[in-house]
Amino acid sequence: MRFSSMSLLGCLCLLVLLLSGPSRAEEEAVDDDFAVLKSSPIVSPLKAETFASVVSTSSITTVFYYTSDCGKPCQDAAGVFLTAAENLENSVGLRSVDCSDPEQQPLCGYAEITRVPTIQVFGSYGEIEEVEGREAIVKKPVTYEGPIAAPSIVKWTLSHLTNIVVPLDEEGYANYNKMPYTRVFFFSSKKSPSSKLKAMALSLDDRSALLFEGRSFLPFGQASPELGSTSAIKDFGVESYPAMFVVTASGERVQYTGEYKYEDMMEFLTPHAMPMTDELRNSIVNYAKHGQPGEAPPTATAPVAHKLNSIGNQEEYDRVCLSLGTCIILFVDPSDTEGLETLRVLIEDHILKNKKYQSLRFMYVDGVAHQDFKEAFYVADSLPQLVAFKRSKLLLKCPEEGSLGAMSMHLSCSV
């Protein structure tokens, strides 16, 4: 068969097109997912100069890492992440990092990114470390290991959203209602707070403010028929849900009458958040320790055994361990006076004199009399024993066989 010159020319043109690679339009189409990601009103690029301010709050931040030359895996993941972001908006911070951008590469190094795409979350609370001569909250990210699917990413992200909303059952309401600070009462038909309410609580009730200036303090509580909040619902005259009130320190009730949208609710609540000052910080700490604000009441020097009653029921545990910092519970034998004095010196004269550890809350439990507490915390029978909690999350339990030497070593090294 013979080909005409026009047929041959057509074949050559087709061959050139096949070998020449994608057109300009095709290249732009390939980059569409990244263009949408970079221009998204929901997901913002994370910059090195704003990194500390973004991840040092109590709110959580989810970050999507990619490179511009990653190709289809990153392009597909970017689209999925944007879909997940639509369901996470107003609950978590959403950021992206291009690890091929020289300005953003230090962030990829800090997060120890070894492959892309990668999704990480910076949780609600970090650890206090000394950075360049000053104290800072340092968060270590957690890497997502699940499937690249929006529902899975949403579920995993929200699982890191710490719940600091106080459940206002009858006992919880009685204690919360006595707090001498401006606070939020949220009424819902549901038993558990929504992710939106958790996010608002973390944003406005930033307990890390106990260590750093420029933060706010506004406690949140939720009442519900499902919680048995009969007294709270009756006292506030709530007949339909949701409903929200702010009760000021002077006792004035201010009811929210707007739409239950995140932006509108935050606009109403933000002016009520109390700026953290040294005076307020001391008041909160003393309230947690002694059940009343202001300076701690003067007390005569007493043997440590007197402090064994500092936690003996659920109310005292809730007031201290569910409100401030890290809670360290010491299960001790009150008859071991020499051992108790050694622990007191270790805690008061060494640990708590270091500003870095002033957010720690130490509580003593009579490990002989309070077997119920030992069972609740699954500690060994031998004394002393130590359990450390932060926001109801177990951090440490030691030692397996109680001894003063082991206890002192754990206290000295673990805090």
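Structure shown above.
Residues numbered from 1 in each chain as written. Predicted model: local features only at pLDDT ≥ 70, side-chain atom pairs only at ≥ 80, totals over all residues. Heavy atoms only, no water.

Caption draft 1: Up close: the state of the cysteines. Tallied over the full model, the rule gives 2 disulfides. The residue that forms a disulfide with Cys 70 is Cys 74, at a sulfur-sulfur distance of 2.1 Å. Here the disulfide of Cys 70 and Cys 74 is right-handed, its torsion about the S-S bond being about 85°. On the basis of relative accessible area, Cys 74 is assigned to the buried category, the value being 0%. (Disulfide = S-S within 2.5 Å. Buried < 20%, exposed > 50% of the residue type's maximum accessible area, 1.4 Å probe, protein only.)

Caption draft 2: Local environment of the environment of Gln 105. On the secondary structure map, Gln 105 appears in helix H6 (residues 105-110). Given the relative accessible area of 40%, Gln 105 is considered partly exposed. A C-alpha to C-alpha distance of 8.8 Å links Gln 105 and Ala 48, two positions 57 residues apart in sequence. (Helix = DSSP H or I, 4+ residues; strand = E, 2+ residues; numbered from the N terminus.)

Caption draft 3: A look at the pairing of strand E3 (residues 93-98). Note: strand E1 (residues 44-45) against E3, 2 bridges, orientation parallel. By the bridge assignment for E3, Ser 44 is matched with Arg 95. As defined by bridge partners, strand E2 (residues 61-66) adjoins E3 across 6 bridges and the pair is classed as parallel. Bridge pairing in E3 links Phe 64 to Ser 96. In this fold, the crossover linking E2 to E3 by way of helix H5 (residues 72-88) has right-handed handedness. (Pairing = 2+ DSSP bridges. Right-handed = clockwise from strand over helix to strand, strands pointing away.)

Caption draft 4: Seen up close, the sheet that holds strand E9 (residues 183-187). As summarised here, the arrangement of the 5 strands in space is E8-E11-E9-E12-E13, forming an open sheet in which the pairing is mixed. Of all the strands in the sheet, just strand E8 (166-167) and strand E13 (253-255) have a single pairing partner and so form its edges. Two elements, E8 and strand E11 (residues 220-223), share 2 bridges in a ladder whose sense is parallel. Each residue of the ladder has a partner; that of Val 166, found in E11, is Gly 221. Helix-sheet contacts for helix H9 (residues 195-204) involve E9 and E11, and the interaxial angle to E11 is about 155°. (Contact = heavy atoms within 4.5 Å. Axes fitted to C-alpha atoms, helices over the stretch in contact; angles between N-to-C directions.)

Caption draft 5: Up close: the nonpolar core. Counting 44 residues, the largest nonpolar core has Leu 37, Phe 64, Met 200, Phe 220, Met 244 and Leu 269 as its most contacted members. In terms of residue count, H5 provides more of this core than any other element does, 8 residues in total. Residue contacts for Leu 269: discarding those within four places in its chain leaves Val 184, Met 200, Leu 204, Leu 218, Phe 220, Met 244 and Val 246. Membership of the second largest hydrophobic core comes to 21 residues, among which are Tyr 173, Tyr 181, Phe 185 and Met 274. (Core = buried A, V, L, I, M, F, W, Y, C linked by side-chain atoms within 4.5 Å.)

Caption draft 6: Looking closely at the side chain of Gln 104. Its location among the elements puts Gln 104 in the loop between E3 and H6. Within the structure, Gln 104 has its side chain in polar contact with the backbone oxygen of Leu 46 (distance 2.9 Å). Those residues within four positions of Gln 104 in sequence are excluded, and the remaining contacts are Pro 45, Leu 46, Ser 96, Val 97 and Asp 98. (Polar contact = N/O pair within 3.5 Å; in protein donor to acceptor, adjacent residues only side chain to side chain.)

Caption draft 7: Geometry of the packing of H5 against helix H7 (residues 150-158). Two elements in contact, H5 and H7, have axes separated by 8 Å at closest approach and are oriented at 50°. Accordingly, the angle class assigned to the pair H5 and H7 is oblique. Seen from above, H5 lies across H7 with right-handed handedness. On H7, the residues touching Val 80, Thr 83, Ala 84, Asn 87 and Leu 88 of H5 are Ala 150, Ile 153, Val 154, Thr 157 and Leu 158. Class assignment for the residues of the contact of H5 with H7 results in 7 nonpolar, 3 polar and no charged. (Parallel < 35°, antiparallel > 145°, perpendicular 65-115°, else oblique. Left-handed = near helix turned anticlockwise from the far one by under 90°. Nonpolar A, V, L, I, M, F, W, Y, C, P; charged D, E, K, R; others polar.)

Caption draft 8: Looking closely at the side chain of Thr 182. Tracing the backbone through its elements, the reader meets Thr 182 in the loop between helix H8 (170-176) and E9. Residue classification places Thr 182 among the buried positions, given a relative accessible area of 9%. From its side chain, Thr 182 meets the backbone nitrogen of Ala 249 in a polar contact 3.2 Å long. In this structure Thr 182 touches Leu 218, Pro 219, Val 246, Val 247, Thr 248, Ala 249, His 272 and Met 274, once residues within four positions along its chain are discounted.

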